[in-house]
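Residue-level listing of the chains:
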Amino acid sequence: MPARRKARKRALDVLYEADLRARPAVEVLASYLQRLEQRPEHLSYAIGLVEGVAAHQSRIDELIESYAEGWTLDRMPVVDRNLARIAIYELLYVDEIDDAVAISEAVELARQMSTDDSPRFLNGVLGRIADYATR
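Computed from a predicted structure; not experimentally measured.

(A) Structural context of the packing of aromatic side chains. Applying the stated criterion across every chain, the model contains three aromatic pairs. Ring centres of Trp71 and Phe121 lie 5.4 Å apart, and the angle between their planes is 55°; this geometry places the pair in the tilted category. Of this pair, Trp71 sits in the loop between helix H3 (43-67) and helix H4 (78-93) while Phe121 sits in helix H6 (residues 118-133), and the two are 50 residues apart along the sequence. Over the aromatic face of Tyr45 sits the side chain of Arg4, whose NZ or CZ is 4.6 Å from the ring centroid.

What follows is the structure, encoded as structure tokens:
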């Protein structure tokens, strides 16, 4: 698994836990980091993703609500909601990641970890947000 995909997976783990426990993501991240025995190279990117999503979560969630036609955040699977948050953060705030890469990485992780419909759903929502972001 490529390093950045591993970082996204770690960020997803933290955001998923924070979402389920209704705790601040940076608090869950701090606890997660304390439990780690080794610090892999990709960890700094994962930390940046979690901190970035947390810092911009209200704007990110607003975009998800606006572009996920007929879906509210609460209705989405927790995995999908947090994969969307990571990808949108990358789309809007991480210049060195191409939009297509951010979207395809979210879709691939959804394919591995979520429902059969999740990859198509995320691809559509993230594609619409990427179109919005480039305007």
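(B) Main features of unusual backbone geometry. Positive phi values are uncommon outside glycine, yet Ala22 reaches one of about 55°. Summarising the element assignment, Ala22 is placed in the loop between helix H1 (3-21) and helix H2 (25-35).

(C) Quick look at the pattern of salt bridges. Under the defined criterion, the tally for this structure stands at 14 salt bridges. The salt bridge involving Asp13 is made with Lys9; its shortest N-O contact spans 2.6 Å. Within this pair, Asp13 and its partner Lys9 are both found in helix H1, separated by four residues, close to a single helical turn. Residue classification places Asp13 among the partly exposed residues on the basis of a relative accessible area of 28%. In this structure, Arg81 engages Asp19 in a salt bridge whose closest nitrogen and oxygen atoms are separated by 2.8 Å. Placement of the pair is Arg81 in helix H4 and Asp19 in helix H1, with a sequence separation of 62 residues. Each of Arg5, Arg8, Glu90 and Glu105 takes part in one network of salt bridges that share partners.

Cut-off values and rules
Residues numbered from 1 in each chain as written. Predicted model: local features only at pLDDT ≥ 70, side-chain atom pairs only at ≥ 80, totals over all residues. Heavy atoms only, no water. Phe/Tyr/Trp six-rings, centres within 6.5 Å; stacked < 30°, edge-to-face > 60°. Helix = DSSP H or I, 4+ residues; strand = E, 2+ residues; numbered from the N terminus. Lys NZ or Arg CZ within 6 Å of the ring centre and 35° of its normal. Salt bridge = Lys/Arg side-chain N within 4 Å of Asp/Glu carboxyl O. Buried < 20%, exposed > 50% of the residue type's maximum accessible area, 1.4 Å probe, protein only.

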